[in-house]
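Fold and contact review
Okay, here's what each chain looks like letter by letter:
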Amino acid sequence: MSKQREVSNKMRIYHRYLGFFLAGIMAVYALSGVVLIFRDTDFLKKEILNEKQVAANLNAEQLGKEIKIKRLKFSEVSDGIATFKGGSYNTQTGEVSYTTKRLPLVLDKMTHLHKAKSSDPLYFLNIFFGGALLFFVISSFWMFLPNTTIFKKGMYFAAAGVVLTLILLLV
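Residues numbered from 1 in each chain as written. Predicted model: local features only at pLDDT ≥ 70, side-chain atom pairs only at ≥ 80, totals over all residues. Heavy atoms only, no water.

1. Remarks on the nonpolar core
- With 11 residues, the main nonpolar core is built from Val-54, Leu-58, Ala-60, Leu-63, Ile-67, Leu-72, Ala-82, Phe-84, Tyr-89, Val-96 and Tyr-98.
- Among the elements of the structure, helix H2 (60-67), strand S3 (81-84) and strand S5 (95-102) are those that each provide at least two residues to this core.
- Element by element, the count of residues in this core is highest for H2, at three residues.
- The residues contacting Leu-58, other than those within four sequence positions of it, are Leu-63, Phe-74 and Tyr-89.
- Within the second largest apolar cluster, eight residues are counted, among which are Leu-22, Tyr-29, Phe-129 and Ala-132. (Core = buried A, V, L, I, M, F, W, Y, C linked by side-chain atoms within 4.5 Å. Buried < 20%, exposed > 50% of the residue type's maximum accessible area, 1.4 Å probe, protein only. Helix = DSSP H or I, 4+ residues; strand = E, 2+ residues; numbered from the N terminus. Contact = heavy atoms within 4.5 Å.)

Given below as structure tokens:
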């Protein structure tokens, strides 16, 4: 057997078993990616009422840090009650009541996996997954012999994919 054929067969084997191994992870990333497209809407989110006791006489910025709402601003303050989008804060007693919207637990965990940062233990999985996808890209070119019609058509499709991606990025 020729050296080129041996490499091609090995790449096919690695591609096949890595594909089976990553099937579940790819399904999770696909679903969470679609859900993340709608992160600026309330799609699939449920409203949760939060009631908390915090320090009295906080300003909007301090309250925002305390209840983890970025760029919180009071829309009105009257009779010791400060209102803001989605809630209210009693400046004298420190009682705050507000609503948040969250994805169901499983979808929330999936999107957290998708958005893992370097400070998150899950980032190793993201690096592994990204490397595995890059391997899929490279190994797919060993699935067919270079002089076959299927390979040549595949190269046209690969080029079209690159061009489409560049157009979408630049538009």
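2. A closer look at the packing of aromatic side chains
- As enumerated under the stated definition, the model contains six aromatic pairs in all.
- Between Tyr-29 and Phe-129, the ring centres sit 4.3 Å apart and the planes meet at 20°, which makes this aromatic pair stacked. Residue Tyr-29 is found in helix H1 (residues 3-37), and its partner Phe-129 is found in helix H4 (residues 123-139); the two are separated by 100 residues along the sequence. We note that Tyr-29, like Phe-129, is buried.
- Note on Phe-38 and Phe-43: the rings are 5.0 Å apart at their centroids and 55° apart in plane angle, and the pair reads as tilted.
- The exposure class assigned to Phe-38 is partly exposed, which follows from its relative accessible area of 36%.
- Residue placement shows Arg-12 over the ring face of Phe-144; its charged tip is 6.0 Å from the ring centre. (Phe/Tyr/Trp six-rings, centres within 6.5 Å; stacked < 30°, edge-to-face > 60°. Lys NZ or Arg CZ within 6 Å of the ring centre and 35° of its normal.)

3. A short note on the packing of H1 against helix H3 (residues 105-114)
- Direction vectors running N to C along H1 and H3 enclose 95°, while the axes themselves pass 9 Å from each other. The pairing of H1 with H3 is recorded here as roughly perpendicular in orientation. Contact residues: Val-28, Tyr-29, Leu-31, Ser-32, Gly-33, Val-35 and Leu-36 in H1; Leu-107, Met-110, Thr-111, Leu-113 and His-114 in H3.
- Of the residues assigned to the contact of H1 with H3, the class counts are eight nonpolar, four polar and no charged. (Axes fitted to C-alpha atoms, helices over the stretch in contact; angles between N-to-C directions. Parallel < 35°, antiparallel > 145°, perpendicular 65-115°, else oblique. Nonpolar A, V, L, I, M, F, W, Y, C, P; charged D, E, K, R; others polar.)

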